[in-house]
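Overview (structure and organization)
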Amino acid sequence: MAVRDFGRFLWQNFREFSRDAIDPVMHVARFFCFLHITSTRLVTPVRSEGPSMLPTINLTGDYVLAEKISARLGTVRPGDIVLIRSPQNPRNIVTKRVTAVEGQRVNFVAKPKESDLCAERSCVDRG
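Position labels on residues start from 1 in each chain and follow its written sequence. Totals for whole chains, interfaces and linings use every residue, but because this is a predicted model, local features are given only for residues with pLDDT of at least 70 and side-chain atom pairs only at 80 or more, for both listing and counting. To get the side-chain values, all heavy atoms of the structure are used, and hydrogens and water are removed first.

**Observations regarding a nonpolar patch on the surface**
Without a salt bridge and with relative accessible area above 30%, a residue can belong to a patch; like charges are then joined within 9 Å and nonpolar side chains (Val, Leu, Ile, Met, Phe, Trp, Tyr) within 5 Å. Residue-level accessible areas treat just the shown protein chains as cover; the underlying method is Shrake-Rupley with a 1.4 Å probe. The salt bridge criterion pairs a side-chain nitrogen of Lys or Arg with a carboxyl oxygen of Asp or Glu, the two atoms within 4 Å. Residues Val-28, Phe-31, Phe-32 and Leu-35 make up a contiguous nonpolar surface patch of about 390 Å² in total accessible area. Note on placement: Phe-32 falls in helix α1 (residues 2-42). Helix and strand assignments follow DSSP, with helices taken as H or I runs no shorter than four residues and strands as E runs no shorter than two, numbered in order from the N terminus.

**Some words on the layout of surface pockets**
To find leftover empty space, one rolls a probe the size of a water molecule over the atoms. The computed volume of the largest pocket comes to approximately 510 Å³. In this analysis a 1.4 Å probe is tested at points of a 1 Å grid over the protein atoms alone, and where it fits but cannot get out there is a cavity; an open set with protein on both sides within 12 Å along at least five of seven lines is a pocket; lining residues have an atom within 4 Å of a point. If you go around the largest pocket, you meet 20 residues; those closest to its centre are Ala-66, Glu-67, Ile-81, Val-82 and Leu-83. Going through the elements one at a time, β1 (43-48), β2 (62-67), α2 (69-73), β3 (81-85) and β4 (93-97) are the ones with two or more residues in the lining of the largest pocket. Residues were grouped as follows: Ala, Val, Leu, Ile, Met, Phe, Trp, Tyr, Cys and Pro as nonpolar; Asp, Glu, Lys and Arg as charged; and all remaining residues, including Gly, as polar. Here the residues of the lining of the largest pocket are counted per class, giving 12 nonpolar, 3 polar and 5 charged. Grid points are joined across faces, edges and corners, and a volume is the space filled by probe spheres set on the points.

**Regarding the UniProt feature "active site" (unreviewed entry) in the protein**
UniProt positions are given in the numbering used here, feature names are shortened, and annotations may be inferred rather than shown by experiment. The feature "active site" (unreviewed entry), as annotated in UniProt, sits at Ser-52 and Lys-96 in this numbering. Their sequence span is 45 residues, while the largest C-alpha to C-alpha distance among them is just 7.3 Å; these annotated residues converge on one region. Summarising the element assignment, Ser-52 is placed in the loop between β1 and β2. Considering the arrangement of structural elements, one finds Lys-96 in strand β4. Residues count as neighbours in contact if any of their non-hydrogen atoms are within 4.5 Å of one another. Those residues in contact with Lys-96 that lie beyond four places of it in its chain are Ser-52, Met-53, Asp-80, Ile-81 and Val-82.

Here is the structure:
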């Protein structure tokens with residue numbers, strides 16, 4: 001009889017201990033799931049550095065929150081700042097400002113050192 005009571009006592013204490021241990025673990029797991037979904041689908045922090053976005057983003061580097069919804073919905077417009085992977089080094093992320101979108105025409109100087117009158121016009125292709 002004493003062994004049965006002792007077994008019952010151990011089982012009840014184990015259930016209470018497991019509840020007390022699993023609750024905080026579940027809270028941490030939920031937090032990390034929320035963090036993962038947020039960073040892969042909604043927004044992600046990115047360090048942007050380099051001279052191409054001066055004075056909007058500092059040369060030494062700023063942390064920016066990049067939202068991912070506009071790219072998924074296709075609502076990127078001229079004037080927006082986008083983050084893309086560098087064609088030379090895919091591990092680097094490059095920050096650029098959109099000047100035109102599909103179907104719009106862009107004027108640019110083909111050879112700026114030779115003459116500033118050589119403006120050419122180009123249409124932004126699809127994709």
